[in-house]
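# Understanding the architecture of this molecule
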Amino acid sequence: MKLHEYQSKLIFARYGIPIPKGRVAVTAGEVKQIAEELSCPVVVKSQVLVGGRGKAGGIRVARSPQEAEELARQILSMEIKGLPVRKVLVDEAATIDKEIYLGITNDRAARRPVMMASAAGGVDIEEVARTDPSKIIKVHIDPLLGLRDYQARDIAGGIDLPRDHWKTFGIIAHGLWQAYRDCDATLAEINPLVITSTNRLIALDGKMVLDDNALFRHPDLAEMRDLDEEAASETEARKYGLSFIKLDGNIGCLVNGAGLAMTTMDIIKLFGGEPANFLDIGGGANSEKVAAALRIILSDPNVKAVLFNVFGGITRGDEVARGILSALNDIKTNVPMVTRLVGTNADEGRQILAKAQMITADTLVEAAQKAVAIANATA
Ligand code: GDP
Ligand code: MN
């Protein structure tokens, strides 16, 4: 789950990381009022869960409350990478001398978190990472020992940070690590961390991504989820405990097991089709869950065929079949469906499905070929 900039910075502030004074608003009127309370200039910042807001014109500096109101009106009517802007953050603007990058993520290969920093921070950091990776300093963090003081100093030295900022930098680096660890984050990032013209070190932007699988331990963080920012089908899927990701193709997939779901998508592509979604109903799914999954798949108007790929183990074939029938009772659909059902209680499942208008297949290859043929014929 991604957090907005304003949410990430509030968390950072709790860990002693300096952030600008500011507040979030949903109307241009509120923005004007906030700008009057703060000292101008202020920066009006779109809050959408994508990067590159600055380059898209979603970050603007205003010299007066009137200008802030006017800019907020423009920004609140924008779409950035397809996402409508519904909120803006109004912060006291900083005059920037230098932009630094500081972030933590998991390094799977090293099997531990890695802190990364660069003196070439700001909106072009991805470009720097691609063209000149030596400009990015990396330090691995032992998850049991945590970030050590000497590591923070190594980073400060590595990015040629002036000595007078090392103490604050240490507080920021430790704060970022603590926030990352306490929140079960998979990313915590400050870009840019700036040195201002008044020689302060301060986090101008903040980004956090939290591990969905750890959210049960953090009800306060789970509440921060912005439902406006995700596809309605994904919200619905989460309600039923389904792992669902909407994609752009036209073959709906209903599969038990994440690995099998990935394989199913690969096979669809191998035969020239495009999956409309990733969907793992999970092990031991009951018929209610299967029915919800099918409803979600069929709510996508792009879907021209549905492929069920169920390998019964803990999941029972007859339960899946009952779920499919029960969903088809509620939803009237002409979308052709192909099933491949093997494993536990597959025979019972097939008997139940014989009552429905189903195309069956014995192997995944055959099922994928049939689904692709149908989808491509209707496309
Ligand atoms: P992003 O584009 O989504 O990463 O949004 P950021 O919050 O990082 O802002 C993008 C860029 O806008 C920063 O790298 C700065 O150059 C600029 N910016 C952000 N806040 C301020 C500010 O308070 N004052 C000034 N002068 N520039 C800012
Ligand atoms: Mn940024």
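Further up the page is the structure itself.
In short, a report on the structure.

About the thresholds
Residues numbered from 1 in each chain as written. Chains lettered and ligands numbered in written order. Predicted model: local features only at pLDDT ≥ 70, side-chain atom pairs only at ≥ 80, totals over all residues. Heavy atoms only, no water. Buried < 20%, exposed > 50% of the residue type's maximum accessible area, 1.4 Å probe, protein only. Helix = DSSP H or I, 4+ residues; strand = E, 2+ residues; numbered from the N terminus. Axes fitted to C-alpha atoms, helices over the stretch in contact; angles between N-to-C directions. Parallel < 35°, antiparallel > 145°, perpendicular 65-115°, else oblique. Left-handed = near helix turned anticlockwise from the far one by under 90°. Contact = heavy atoms within 4.5 Å. Nonpolar A, V, L, I, M, F, W, Y, C, P; charged D, E, K, R; others polar. Phe/Tyr/Trp six-rings, centres within 6.5 Å; stacked < 30°, edge-to-face > 60°. Lys NZ or Arg CZ within 6 Å of the ring centre and 35° of its normal. Donors = N, O, S within 2.8 Å, 3.2 Å for Na, K, Ca; no water. Core = buried A, V, L, I, M, F, W, Y, C linked by side-chain atoms within 4.5 Å. Near = heavy atom within 4 Å. Polar contact = N/O pair within 3.5 Å; in protein donor to acceptor, adjacent residues only side chain to side chain. Areas by Shrake-Rupley, 256 points an atom, 1.4 Å probe, with all protein chains shown as cover. Pairing = 2+ DSSP bridges.

A few words now on helix α1 (residues 5–14). The buried count for α1 comes to seven of ten residues, which makes it a mostly enclosed element. Along α1, the residues that are buried comprise Glu5, Tyr6, Gln7, Ser8, Lys9, Ile11 and Phe12. Gly16, located one to two residues past α1, shows a positive phi value of around 85°.

Attention now goes to the packing of helix α9 (residues 258–270) against helix α13 (residues 364–378). Closest axis-to-axis distance for the α9/α13 pair is 9 Å, and the angle between their directions is 55°. It follows that α9 is oblique to α13 by the angle criterion. For the element pair α9 and α13, the recorded crossing hand is right-handed. Residues Thr263, Thr264, Ile267 and Ile268 of α9 form the contact with α13, whose participating residues are Leu364, Ala368 and Val372. Grouping the constituent residues of the contact of α9 with α13 by class yields five nonpolar, two polar and no charged.

A few words on the packing of aromatic side chains. Counted under the stated rule, the structure contains one aromatic pair. Here the guanidinium or amino end of Arg163 rests over the ring plane of Trp166, the centre of that ring lying 4.0 Å away.

Working reference: metal with six octahedral donors, ideal angles 90 or 180 degrees; metal with four tetrahedral donors, ideal angle 109.5 degrees. Protein coordination of the manganese ion (ligand 2) is provided by Asn191 (O) and Asp205 (OD), with donor distances spanning 2.2 to 2.3 Å. One end of the pair, Asn191, is in strand β11 (residues 185–196); the other, Asp205, is in the loop between β12 (201–203) and β13 (207–210), and 14 residues separate them in sequence.

Another aspect to go through is the nonpolar core. With 38 residues, the main nonpolar core has Met115, Phe169, Leu176, Met208 and Leu210 as its most contacted residues. Of all the elements in the fold, those that place two or more residues in this core are α1, β8 (96–107), β9 (112–118), α5 (149–158), α6 (166–182), β11, β12 and β13. The leading source of residues in this core is α6, at eight residues. Within the second largest apolar cluster, 32 residues are counted, among which are Ala285, Val306, Ala327 and Met337.

Right, let's talk about the site of ligand 1 for a bit. Surveying the vicinity of ligand 1 reveals 15 residues, the closest of which are Lys45, Arg53, Gly54, Ala94 and Glu99. Gly54 is positioned with one of its backbone polar atoms (N or O) 2.8 Å from an oxygen atom of ligand 1. In the environment of ligand 1, an oxygen atom lies 3.1 Å from a nitrogen or oxygen atom belonging to the backbone of Asn191. Taken by itself ligand 1 offers 560 Å² of open surface, and the protein chains cover 81% of this. The set of elements that each furnish at least two residues to the shell around ligand 1 consists of β3 (42–46), β8 and β11. Along the lines of polarity and charge, the residues of the shell around ligand 1 split into eight nonpolar, three polar and four charged.

To continue, consider the pairing of β8. Note: β8 against β11, eight bridges, orientation antiparallel. If you follow Gly103 over to β11, its bridge partner there is Glu189. As paired strands, β8 and β9 are joined by seven bridges and run antiparallel to one another. Bridge assignment links Gly103 to a residue of β9, and that residue is Met116. Here β8 folds back onto β9, and the loop between the two strands holds four residues, one of which, Arg111, carries a positive phi near 55°.

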